[in-house]
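Summary of structural features
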Number of protein chains: 2
Amino acid sequence: MFEAAELGRKLSREDFDALAPQLRNDLLELQFKLRSADFPVIIVFAGVDGAGKNETANLLAEWMDPRWLVTRAYGTPSDEEGERPLYWRYWRDLPPKGKIGLFLSSWYHGPLVDRAFGTISVAEQDERLERIVNFEQTLADEGALILKFWMHLSQKAQKKRLEKLAKDPLTAWQVTESDWTHWKMYDKFAAAAERLVMHTSKGHAPWTVVEGQDTRYRSAVVLNSIRDAIGRHIEAREVARQVASEIKKKPAKAKVSVAALESQPSILSSLDMTLTVEGDEYNRELQEQRGRLANLHRKAKDKGVSTVLVFEGWDAAGKGGTVRRMTAALNARDVQVIPIAAPTEEERAQHYLWRFWRHLSRAGRVTVFDRSWYGRVLVERVEGFCSEEAWRRAYAEINDFEEQLAEHGIVLAKFWLHITPEEQLARFKLRETIDYKKWKLTDEDWRNRDRWPAYEAAINDMVERTSTRLAPWTLVEANNKSYARVKVLRTVCDALEAGVKAARGKK
Amino acid sequence: MFEAAELGRKLSREDFDALAPQLRNDLLELQFKLRSADFPVIIVFAGVDGAGKNETANLLAEWMDPRWLVTRAYGTPSDEEGERPLYWRYWRDLPPKGKIGLFLSSWYHGPLVDRAFGTISVAEQDERLERIVNFEQTLADEGALILKFWMHLSQKAQKKRLEKLAKDPLTAWQVTESDWTHWKMYDKFAAAAERLVMHTSKGHAPWTVVEGQDTRYRSAVVLNSIRDAIGRHIEAREVARQVASEIKKKPAKAKVSVAALESQPSILSSLDMTLTVEGDEYNRELQEQRGRLANLHRKAKDKGVSTVLVFEGWDAAGKGGTVRRMTAALNARDVQVIPIAAPTEEERAQHYLWRFWRHLSRAGRVTVFDRSWYGRVLVERVEGFCSEEAWRRAYAEINDFEEQLAEHGIVLAKFWLHITPEEQLARFKLRETIDYKKWKLTDEDWRNRDRWPAYEAAINDMVERTSTRLAPWTLVEANNKSYARVKVLRTVCDALEAGVKAARGKK
C-alpha cells in the first residue's frame, strides 16, 4: 500500500514558489467563503513519525486565518479527559460550522500504536476502527467535510528524517525516545497502519497517502488537496440544497394507510396505569430509597463511577418533581441537572449530539438530563424539524453514543414518564387555575396534545430501537405521582448498585 | 430492544381479509414495474426460531410472480460451498436487477449462532458484522434495495409456537432438536441478536423488528413494508436519475491544475526497464521454475489450497504469452483462464463484482484472470464508464473482496506487466506486419495509447490503494518478455510455497 509513496517525489524551490502565491490566496478565499457555509471541515494528519505532520500543519496555520482554524493535538488523556469516555475530548474540540479543525495524534493514534505493540488483537483493532467509522459517518451525515492525510516515509527515509530533526536545535524537541522505539518496530507499524487506512477509508472520509520526505512536495500536495476538496464540497452542498428544494416542491405520493395495522397497541398500552402508592407507604419507600441512593452514591463517587439519568415524558407527566425528589438525597455539588430546551447559537453550529457530549461530567458525578438527545426521534421527528433520513439514522447514532458511556462504566438509566391523555387534561386544567403554576402551561403543550398518536408511535419506535442491554428504557406509570417517584428512585438505586459492583469487579 | 415486539399485536381474520386483496394486487403491480427497474431487491428474514419466517416467506411466494422472486435458504455449506470463501454462496444467489431475492438463514445466521454459543467473542462478532455491513453497503451503493425483517417471539411465546408446530403433522418437520436447544439458550440468543440488529441496522439496509406470534399480523406488516419500500425506492431512483441528468447539464468547475504536482514520478517510473534474461539462462530458469510450479501445485491440490492469479498490463505487454508459458506446467484440468472482456447480459444485470465471484474455482485449482475486477479502477475510470464516486469506492470493495479470498487461504498474486511507450509502439508496428498477429491490434489499442498518462495515474492509485500485505501487487518489467515470464513464474511459485506452508501450519 505504501510503496507508491516511496518514489522520491519532490518539488524544487522554484516550482514551489511558483505555485505558492495562488494556492495561499485560494485557501484564504475559500476560508472566507466557508464562514457562511453550513458545515465544518475536519482535517486529520497522521502517519509515520517524522513524516512532517507538524511542518505541514504549521504551514497551513501560517497561510490561513487563525480565527477560523483550530489545531488540536492529543497526548495522554488529562485528568479531565480520563474521567470521561475517550471520544469526549474529540467531540468537545470539533469545529463549528464554517470553521476548520486540524487534528494531530487524533482518534487514530490509539488503534495504531496499540496494534503495533500487540496490546490489542486484529479483531480488537477492527472493533476500534468500526467506532471511528461510525464517528466520522455521524459527522459526515450532517454535512461535515472530513479529509485525512497519511504521511508516509520508508524505514530508511524515516531514519534520515529523525536524525536530521535531532541535529537541528530548532527541531530536536520533536524527536523523542518513543520515535526511535517506533522506528525499530517499523514493520509492525506499517502492518497496523495498512489495516487502519484500509478499514477507515470511506467515501465520506477518504485517506490520501502522501509521500512525506520532501517538505515542499508534501505540503503542496496536502494544501492543494484541501483547496480542491473545500471548493468541491461548497459546490456540492449548494447543489444538494437546490435538489432538496426541488424535491420538496413535488407532491409526495400518499402512503397507503392500513388502519388495522396502525391501530395496534404500542409499548405504552402494556402499562398498568392504575398502579399507585399512597400515604405512609409512599413516605416509607421514599425515605428508604433516598437513604439507599445517598449511600450508593458515596460508594460510586469513591470508585469514580459516574451516573447519567435521562428523563423524557409527556408534558405534565411530573419529570421536574420526580427529579427534585431524587436529587434532594444527593450533595448538590455532585449533581447537575441539565434542562434541554432550544439549543444555543453555539450549539446550533455543531452536530446535535455535541451539546450532550459537552455536559458529561467528571468521574463520580450524577448528570440528569431533563429531556435529552431523544428529542431527535421525538419532537424533531413529529414536528418535522429534521428529515426522516436524519431521525431514522439517529437510532444508530444514539446507540453508539450510549455504548460509549456504558463501556466507560457510566451508569445509565433512561425513563419515560407516562400518563394517560385524560390525566394530562386534568393536570393542564389544574395548572390553569393555580397562579404559581400557570407559567408552566403553554400553547405548545396544547398543540403537542393534539399529536398524541404521532408521539405514541415515535415513543414505541424509540423504545424498540434504543432499549438495549447496555442502556435500557424504564417506562414509568406516572398517573400516580408517588408511584412514579418511588419507581424511578428504586430503578436508579438498582442501576447504581449494579454499576458499583461492576466497578469493584474491574479494579 | 425486543420488548416492543411482545405486545400481543394481532389481526382478526376479517381485518386481514379486508386488507389482503389490495396488498396482493399492489405487490404484483410493483413486481411488474420492478422488471424494468435498474436495481434488485434483497429481502432478509431472520429472527427467533418459530417466529414464522417460513410461513410469511410462503405467503410472499404465493402472492407474487415466482418468475421474478427467488427464495434461498442456507444450511451447512455443501462441498462446493465449503471449498470457497463463505460469501461465495451468497454472491452467486444474488438476484439480478428487476428481481427479488428472499433470503432465509442468510449471512446473519453464523454471527448470531456462534456468538450465542460463545464460540466467538464480542469483538469477533463485531468483526463479522462489519463484513456484513460492507457487503450490504457495496450492494446498496450500486442501487440495490435491501430490506431486513427480524421476527421476534418472547421466550414463552416461542415455547408455545414450537409446541404448536410440533403437534401439527403438516408443520412438525419445521421443529428440530436444535430449535429446542436454542430455546433453552433464549437469553444468550437475545443478547447476540440485539448486538447484531444494532450494529447492522444502517440507512442503506435497515432492520424492521416484527412481532411474530400472530400469523396474520406478522405477514401483513412484513408484506405491507415491502410494498411501501419498493414503491418508494422506484420513485427515489427516478428522482435521482433526474437530478443526475440536471447536474450533468451544469458545466463542472474546472479543477485547478498544478503542473508541478502532476508531473511527479509514478510507481511505474521506479522500475528498471533494462532488465533482461537471455538465451540459456532463460531456458534454464524457465525449466526450473516450471518444475517447481508443477511440484508445488501438486502439494497445493492435496491440501485444497486454491490459487487466484490476476494479470493486468498495457496492451501488447505480453500477458497472454506469459500466462501460456506458466499454465503449460500444469494439468489443464486444474487450471482455468478467465479472459475478461465486456460483461454478458446476465453479468450486466448484477453488481460488477458478481462475475468475479462466480468464477472462483473449487479447492486446489488455479484460476487465472486475464484482466480482472481492476477494470473498474483502470479502464472504467479512465474512459468515464463509471462515476468518480463509483471507482473511488471500488478500492475498498476490492480490498474487502481480496481479504475474503486471503482469509479463506487462497493464494493470491497480482501482476502488472509494464512496458515503455516506445516498446509498445514497436510491438504494435510488428503486429501490423505479421499476418497471424494482425487480429490482435484494434483501434482501441491506439486510443488507449493516447491516454497513457491518465492510465499511469490510475495504475499508481490502484497500487497505492490495493497493494496490501494480504494481496500485494507485483510490478513486472516486461520490455524483455523472457525476463517478465521468469519473474512472474518465480513470484507465483514463491506465493504458492508460502500458501502451502501456511496451510500446513493450520491443519
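Residues numbered from 1 in each chain as written. Chains lettered and ligands numbered in written order. Predicted model: local features only at pLDDT ≥ 70, side-chain atom pairs only at ≥ 80, totals over all residues. Heavy atoms only, no water.

Thoughts on the interface of chain B and chain A
Let me state the cut-off plainly: Pairs of residues are marked as contacts when any of their non-hydrogen atoms sit within 4.5 Å. The buried area of a pairing is the accessible area, by a 1.4 Å probe, that goes missing from both parts when the two are put together, added over both. One speaks of a salt bridge when a side-chain nitrogen belonging to Lys or Arg is within 4 Å of a carboxyl oxygen belonging to Asp or Glu.
Each side of the interface is counted separately: chain B has 64 residues, and chain A has 64 residues. Carbon and sulfur atoms make up 52% of the surface buried where chain B meets chain A, a total of about 5600 Å² over both sides. Together, Leu261(B), Glu464(B) and Arg469(B) form the three largest contributors to the area buried by chain B at its contact with chain A, with a combined 11%. The tally of links from chain B across to chain A stands at six salt bridges. For the salt bridge of Arg195(B) with Glu127(A), the shortest nitrogen-to-oxygen distance reads 3.9 Å.

Some remarks on the environment of Ile340(B)
Residues and elements named next belong to chain B. For clarity, the cut-off: Here a strand is any run of E in DSSP of at least two residues, a helix any run of H or I of at least four, and the numbering for each starts at the N terminus. Only protein chains enter the calculation, and the probe is 1.4 Å; a residue is then buried if its accessible area is under 20% of its type maximum, exposed if over 50%, and partly exposed in between.
Tracing the backbone shows Ile340 in the loop between β7 (335-339) and α14 (345-348). Relative accessible area serves as the criterion here: at 15%, Ile340 is assigned to the buried category. Expressed as a C-alpha distance, the spacing of Ile340 and Gly384, which sit 44 residues apart in the sequence, is 19 Å. For Ile340, the contacting residues outside a window of four places in its chain are Arg355, Phe356, Phe369, Asp370, Arg371 and Ser372.

Details of the packing of aromatic side chains
In this description, a pair of aromatic rings is defined by centroid distance and the angle of the planes. How we decide: A pair of aromatic rings is counted whenever rings of Phe, Tyr or Trp (Trp by its six-membered ring) have centres within 6.5 Å, and the orientation is called stacked for planes under 30 degrees apart, edge-to-face for over 60 and tilted otherwise. Working rule: Lys NZ or Arg CZ, within 6 Å of ring centre, within 35 degrees of ring normal, means a charge sits over the ring.
As enumerated under the stated definition, the model contains 58 aromatic pairs over all chains in all. Centre to centre, the rings of Phe369(B) and Trp373(B) are 5.0 Å apart; their planes meet at 70 degrees, and the pair counts as edge-to-face. When sorted by exposure, Phe369(B) lands in the same class as Trp373(B), which is buried. Looking at Lys99(A), its charged tip hangs above the ring of Trp68(A), at a distance of 5.3 Å from the centre. Positioned above the aromatic ring of Trp391(A) is the side chain of Arg381(A), whose terminal nitrogen or guanidinium carbon lies 4.1 Å from the ring centre.

Observations concerning the pattern of salt bridges
Applying the stated rule across the entire model yields 88 salt bridges over all chains. Across the pair Arg237(A) and Asp38(A) runs a salt bridge whose closest N-O atoms are separated by 2.9 Å. In this pair, Arg237(A) is assigned in helix α10 (residues 215-249) and Asp38(A) in the loop between α1 (13-34) and β1 (41-47), connecting sequence segments 199 residues apart. By sharing partners, the salt bridges in this structure join Asp126(A), Arg195(A), Glu127(B), Arg131(B), Asp400(B), Glu403(B) and Glu407(B) into a single network.

Focus: the relation of the copies chain B and chain A
Just so we agree on the cut-off: Alignment of the copies relies on least squares applied to C-alpha atoms, considering only residues that score at least 70 for pLDDT in both.
Overlaying chain B on chain A yields an RMSD of 0.0 Å, the required transformation being a rotation through 180 degrees with an accompanying axial translation of 0.0 Å. Both copies of the chain, as the preceding transformation shows, are related through a two-fold rotation axis. Taking C-alpha positions as the reference, the residue of chain B nearest the rotation axis is Ala123(B), at 2.9 Å. Here 100% of the interface residues in chain B have copies in chain A that are interface residues too; the copies meet face to matching face.

Describing the side chain of Asp179(B)
Residue and element names in this part refer to chain B. As a reminder, the rule being used: For this count, His and the chain ends are skipped, Lys and Arg are scored as positive, and Asp and Glu as negative.
Among the secondary structure elements, Asp179 is positioned in helix α8 (residues 177-184). An unpaired buried charge is present at Asp179: no salt bridge exists, and Lys53, the closest side chain of opposite charge, is 7.4 Å distant. Filtering out sequence-adjacent residues up to four positions away, Asp179 remains in contact with Asp49, Leu162 and Gln174.

Let's talk about empty space enclosed by the protein
Cut-off, in case you're wondering: Only protein atoms enter the calculation, which uses a 1 Å grid: trapped sets of points that fit a 1.4 Å probe without letting it out are cavities, open sets showing protein on both sides within 12 Å along at least five of seven lines are pockets, and any residue with an atom within 4 Å of a point is a lining residue. Grid points are joined across faces, edges and corners, and a volume is the space filled by probe spheres set on the points. Residues are grouped as follows: Ala, Val, Leu, Ile, Met, Phe, Trp, Tyr, Cys and Pro are nonpolar; Asp, Glu, Lys and Arg are charged; all remaining types, including Gly, are polar.
Across all of its chains, the model carries four cavities of 30 Å³ or more by this definition. Put simply, the largest cavity is a space of about 60 Å³. Lining of the largest cavity is provided by Tyr87(A), Trp91(A), Phe135(A), Thr138(A), Leu353(A), Trp357(A), Glu397(A), Asp400(A), Phe401(A) and Gln404(A). If you list the elements that add at least two residues to the lining of the largest cavity, you get α6 (122-141) and α17 (388-407) of chain A. Taken together, the residues of the lining of the largest cavity break down into six nonpolar, two polar and two charged. In this structure, the second largest cavity encloses a volume near 40 Å³. Around the second largest cavity, the lining residues are Leu293(B), Thr307(B), Leu309(B), Met326(B), Thr327(B), Leu330(B), Val335(B), Val366(B), Val368(B), Val492(B) and Leu496(B). Mapped onto the lining of the second largest cavity, the elements with two or more residues apiece are β6 (307-313), α13 (319-327), β8 (366-370) and α22 (481-506) of chain B. Its residues assigned to classes, the lining of the second largest cavity comprises nine nonpolar, two polar and no charged.

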